[in-house]
Amino acid sequence: MKNKNIRIDFFAAISDGRMTLKTYKIKIEGNKLYMLDYSFTNSLFINELQCHVFEKKEKVPEEYLKYTPDW
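Okay, so let's go over this structure. (Residues numbered from 1 in each chain as written. Predicted model: local features only at pLDDT ≥ 70, side-chain atom pairs only at ≥ 80, totals over all residues. Heavy atoms only, no water.)

## Observations regarding the pairing of strand S2 (residues 19-29)
Heads up, the condition is: Strands are labelled as partners when DSSP assigns at least two bridges between them. Secondary structure elements are defined from DSSP: runs of H or I of at least 4 residues count as helices, runs of E of at least 2 residues count as strands, and each element is numbered from the N terminus.
Bridging between strand S1 (residues 6-13) and S2 involves 8 bridges; their strand directions are antiparallel. Considered in S2, the bridge of Arg7 is made with Lys25. From the end of S1 to the start of S2, which pair antiparallel, there are 5 residues, and Gly17 there has a positive phi angle of about 95 degrees. Judged from the 5 bridges that link them, S2 and strand S3 (residues 32-37) form a sheet pairing that is antiparallel. When the bridges of S3 are listed, Ile26 appears paired with Met35.

Set out below in structure tokens:
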């Protein structure tokens, strides 16, 4: 928690092989979790917001369960 906001910090690899610390602001609305990244830079080097959305599912669909892991 930081200023009453939920944040996630983690190390991430970037394209040139270096590691960086990424910070995401977390927003929860209903059954969705939003990971907001304000430090995302596109190919034109313009900062913009990147958002990942995760939705809580109550049950895994049966067709997903028919495969046996082979690792």
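## Details of the packing of aromatic side chains
As a reminder of what qualifies: Centres within 6.5 Å are what make two rings of Phe, Tyr or Trp a pair, Trp counting through its six-membered ring; a difference in plane orientation under 30 degrees is then read as stacked, over 60 as edge-to-face, and the rest as tilted.
According to the stated counting rule, one finds 1 aromatic pair in the structure shown. Judged by centre distance (5.4 Å) and plane angle (0 degrees), the ring pair of Phe10 and Tyr24 falls under stacked. With a gap of 14 residues between them, Phe10 in strand S1 and Tyr24 in strand S2 connect regions that are remote in the sequence.

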